[in-house]
Amino acid sequence: KGLAGDVDEWLGKMWKALLSDYPLPEKFVIDDSPRMAPQRFSIGKCRSGKEDDVGTSSSSFYESPRDCIANREAPYWGLVRVNRRITAPEWTQDVRHIEISIEGSGFEDYMAGDVAVVHPENVFDIAAFESMMGFDPEMSFHFYPNDSSERASETKPAKTLFPGPCTVRQALRKHLVVLGNPRRGVLRQLYRYTEDEEQKEKILEMTSTEGADIFHNYIVRERRSFVEFFADFPSCRPPWQVFALIIPPLRSRQYSISSSARSDPGVIHLTVAVARHITPYRRVRIGICSQYLQGTIPG
């Protein structure tokens, strides 16, 4: 039943003990039906855009980690010079040597022990997914903070989930972890946007305490992605304004730099092991970032 099942079991005992010592007022009713979590942002449609438009607003998605050697609000687009496999073809693991040109980026003075923070992209059939979900790939949208304390001012830019305005296709490719595994809390929210009663019951069962084993076997052990979940539940089709707020943002990964700025200035070398996992049902899963780096083309 995994961690979720253990937590449910512990929570059941905790609430029982608390309610024994601090009983609820008479006629007090607890409503634990699935509902949307409070959202920090709303989404507004801007215009019809193009896939290669680049969002320009400041974003907490691009905030530099602590101890970075440069303080930038957006990632630097480095040019891949080399991408080759360094393990033997017959070896089970694909380990790659990747060289990225960073000349003129402000990162050239990196030191031993520094890491490169890589913002990956989702590698999958985006067009097919857009069609399946009924999304307009060129629709451009923007985030609007619901809390006045988060809104932009002259001295403080708004911190949104990722840059905007942004097209749907950009968000699916660069900013939303659609290849990640759904959490139970997310499934509870998606339950509200499922029309078929049988499918609704299955989702509700997976998110219940009694269904912890089902959730663990279906999502955790098989590492099912959001893309696969929506394929399995064809009546679950949240509108884009909901989808973009429910699906978690795609996070960066850190890789140790495998080179010296003195011996090879203006370039960073990465040694990347492609994360490859076979599930109990023999499905092959590849890490989001390592798959992205594996597919980069020099030049």
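Residues numbered from 1 in each chain as written. Predicted model: local features only at pLDDT ≥ 70, side-chain atom pairs only at ≥ 80, totals over all residues. Heavy atoms only, no water.

**A short note on the sheet that holds strand S8 (residues 267-273)**
Judged by pairing direction, the sheet is antiparallel, and its three strands sit side by side in the order S2-S3-S8 without closing on themselves. Of all strands in the sheet, those with a lone pairing partner are strand S2 (79-85) and S8, marking the two edges. Taking the axes of each pair of neighbouring strands and ignoring which way they run, one obtains an average angle of 20° across the sheet. Here strand S3 (residues 95-101) runs beside S8; their pairing, made up of seven bridges, is antiparallel. Bridge pairing in S8 links Ile-98 to Leu-270. (Pairing = 2+ DSSP bridges. Helix = DSSP H or I, 4+ residues; strand = E, 2+ residues; numbered from the N terminus. Axes fitted to C-alpha atoms, helices over the stretch in contact; angles between N-to-C directions.)

**Concerning the pattern of salt bridges**
Under the counting rule described, the total for this entry stands at ten salt bridges. Across the salt bridge formed by Lys-13 and Glu-9, the nearest N and O atoms sit 3.8 Å from each other. Of this pair, Lys-13 and Glu-9 both sit in helix H1 (residues 2-21), four residues apart, roughly one helical turn. According to the relative accessible area criterion, Lys-13 is exposed, its value standing at 57%. Of the charged contacts in the structure, one is a salt bridge between Glu-99 and Arg-81, with a shortest N-O distance of 3.1 Å. With Glu-99 in strand S3 and Arg-81 in strand S2, this residue pair connects regions lying 18 residues apart in the sequence. (Salt bridge = Lys/Arg side-chain N within 4 Å of Asp/Glu carboxyl O. Buried < 20%, exposed > 50% of the residue type's maximum accessible area, 1.4 Å probe, protein only.)

**Overview of the nonpolar core**
If you look at the biggest cluster of nonpolar residues, it comprises 42 residues, and the most contacted ones within it are Phe-141, Phe-229, Phe-230, Trp-240 and Phe-243. In terms of residue count, helix H8 (residues 240-246) provides more of this core than any other element does, six residues in total. Excluding its chain neighbours within four sequence positions, the residues that come into contact with Phe-141 are Ile-43, Gly-44, Lys-45, Cys-46, Phe-162, Pro-165, Cys-166, Thr-167, Val-168, Ala-171 and Trp-240. Ile-98, Ala-116, Leu-270 and Leu-293 belong to the second largest nonpolar core, which has 15 residues in total. (Core = buried A, V, L, I, M, F, W, Y, C linked by side-chain atoms within 4.5 Å. Contact = heavy atoms within 4.5 Å.)

**A word on the side chain of Lys-200**
With respect to the element layout, Lys-200 can be found in helix H5 (residues 197-206). Apart from residues no more than four positions distant in its own chain, Lys-200 is found in contact with Tyr-191, Thr-194 and Glu-195.

**What about the confidence of the model for the chain?**
Model confidence for the chain is summarised by a mean pLDDT of 84, while 84% of its residues fall at 70 or above. The model gives residues 48-60 a pLDDT under 50, and that stretch makes 34 contacts with residues more than four places away or in other chains. This model gives residues 63-68 a pLDDT under 50, and the stretch forms six contacts once residues within four places in sequence are excluded. (pLDDT = per-residue confidence, 0-100.)

**Section: a negative patch on the surface**
Residues Glu-195, Asp-196, Glu-197, Glu-201, Glu-205 and Glu-210 make up a contiguous surface patch of negative charge. Along the polypeptide, Glu-205 turns up in helix H5. (Patch = residues over 30% accessible without salt bridge, like charges linked within 9 Å, V, L, I, M, F, W, Y side chains within 5 Å. Areas by Shrake-Rupley, 256 points an atom, 1.4 Å probe, with all protein chains shown as cover. Lys, Arg positive; Asp, Glu negative; His and termini not counted. Charge placed at Lys NZ, Arg CZ, Asp CG, Glu CD.)

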